[in-house]
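# Analysis of the macromolecular model
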Amino acid sequence: VTEVHSDTVEAELVVAQHPAPETEVLPGSTVDVVISKGLSPGTVPDLTGVLEATAEVILSKSGFILGTVDYEFSDTIRADRVISQDPAQGEIAADGSSINIVLSKGPELITVPDLSGMTEEAYISAIEAAGLTLGVVTEAYSDTVEAGAVIAQHPEAFERVDKESAVDLILS
């Protein structure tokens, strides 16, 4: 019994035998069989950082197919590019196997809170809770807002910005 990879015969089935089927042999004769080990294995290519369409071409040329596509935020990989894959690059997988990928949505955007009228403790807490940082703080006179409270902010309330962006304030 020998084993070979086969693109046409499923694993554990007979690929060939000798003597051929229907050949008459003496009782007790040896029959050699070749058993399929299934599809030939291949090394999974690295898809990190490429676009989905490019990943599909690379996989096709390597004997694999694109499996599921999921999405996650990433601060390091640009939007629409591969963040990770399963099986991982360098692993051995059967030809025709599905390779699943995760594409980047880009960095997660944060909604800037409305800090109008807040005093120091409140605006610092709101900025930190939103995943932002305190930027430049300046003062300006206001006869309608109590001293030390926020008159204006940049970026404006409800704008969408990158995580850890700085919020500049003008206090009364």
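Here the structure is shown first, and the text comes after it.
This section reports on the structure supplied with the text. Quick caveat: nothing in here was measured; it's all calculated off a predicted structure.

The next thing to look at is the overall build of the protein chain. Per the secondary structure count, the protein chain includes 2 helices and 13 strands. The C-alpha radius of gyration of the protein chain comes to 31 Å, more than 25% above the 16 Å expected for a compact globule of 172 residues. Once the C-alpha set of the protein chain is aligned to its principal axes, its extents read approximately 110 × 25 × 20 Å. Taken across its 172 residues, the protein chain has 27% of its residues classed as buried. Nonlocal contacts in the protein chain, meaning residues at least 24 apart in sequence, comprise 66% of its contacts between residues at least 6 apart.

Taken as a whole and judged by the stated rule, the model has 1 salt bridge. Ionic pairing is found between Asp75 and Lys163, a salt bridge with its closest N-O pair at 3.4 Å. In this pair, Asp75 sits in the loop between strand S5 (65-72) and strand S6 (82-86) while Lys163 sits in the loop between strand S12 (160-162) and strand S13 (166-171), placing the two residues 88 residues apart along the sequence. Taking the relative accessible area as the measure of exposure, Asp75 reaches 55% and is therefore exposed.

Attention now goes to the nonpolar core. Within the largest apolar cluster, 13 residues are counted, with the highest numbers of intra-cluster contacts made by Leu115, Tyr123, Ile127, Leu132, Val150, Val167 and Leu169. Counting residues per element, the ones that place at least two in this core are helix H2 (120-129) and S13. Setting aside its immediate chain neighbours within four residues, Leu169 contacts Leu115, Tyr123, Ile127, Leu134, Val136, Val137, Thr138, Val150, Ala152 and Gln153. The next biggest cluster of nonpolar side chains, apart from the first, holds 12 residues, and it includes Val44, Leu47, Leu59 and Phe64.

This structure, assessed with the given rule, holds 0 aromatic pairs. Against the face of Phe73 rests Lys105, its NZ or CZ located 4.6 Å from the ring centre.

On the basis of which strands lie adjacent, the open sheet formed by 3 strands has the order S5-S8-S6 and mixed pairing. Two strands close off the open sheet at either side, each with one partner strand: S5 and S6. Strand after strand, the sheet turns through a mean of 25 degrees between neighbouring axes, direction not considered. Sheet topology places S5 next to strand S8 (residues 98-104); 6 bridges connect them, and they run parallel. Opposite Glu72, over in S8, you have Ser104 as the bridge partner. Along the sheet, helix H1 (residues 52-61) makes contact with S5, S6 and S8, crossing S5 at roughly 155 degrees.

Quick look at the sheet that holds strand S1 (residues 2-4) now. Spatially, the 3 strands line up as an open sheet ordered S1-S3-S2, and their pairing is mixed. The open sheet terminates on both sides in strands that have one partner only, identified here as S1 and strand S2 (14-18). The sheet shows a mean angle of 20 degrees between the axes of neighbouring strands, direction not considered. Looking at chain direction, S2 and strand S3 (residues 32-36) are connected through 4 bridges and run antiparallel. Bridge pairing links Gln17 to Val33 in S3.

The next thing to look at is the environment of Pro113. Note that Pro113 resides in the loop between strand S9 (109-111) and H2. The spacing of Pro113 and Ala79 is 34 residues in sequence and 25 Å in space, taken between C-alpha atoms. Pro113 has contacts with Ala126, Ala130, Leu132, Gln153 and Ala157, leaving out every residue within four places of it along the chain.

Parameters and conventions
- Residues numbered from 1 in each chain as written.
- Predicted model: local features only at pLDDT ≥ 70, side-chain atom pairs only at ≥ 80, totals over all residues.
- Heavy atoms only, no water.
- Helix = DSSP H or I, 4+ residues; strand = E, 2+ residues; numbered from the N terminus.
- Rg over C-alpha atoms; globule rule 2.2 N^0.38 Å.
- Buried < 20%, exposed > 50% of the residue type's maximum accessible area, 1.4 Å probe, protein only.
- Contact = heavy atoms within 4.5 Å.
- Salt bridge = Lys/Arg side-chain N within 4 Å of Asp/Glu carboxyl O.
- Core = buried A, V, L, I, M, F, W, Y, C linked by side-chain atoms within 4.5 Å.
- Phe/Tyr/Trp six-rings, centres within 6.5 Å; stacked < 30°, edge-to-face > 60°.
- Lys NZ or Arg CZ within 6 Å of the ring centre and 35° of its normal.
- Pairing = 2+ DSSP bridges.
- Axes fitted to C-alpha atoms, helices over the stretch in contact; angles between N-to-C directions.

Any functional reading would require information that these geometric values do not contain.
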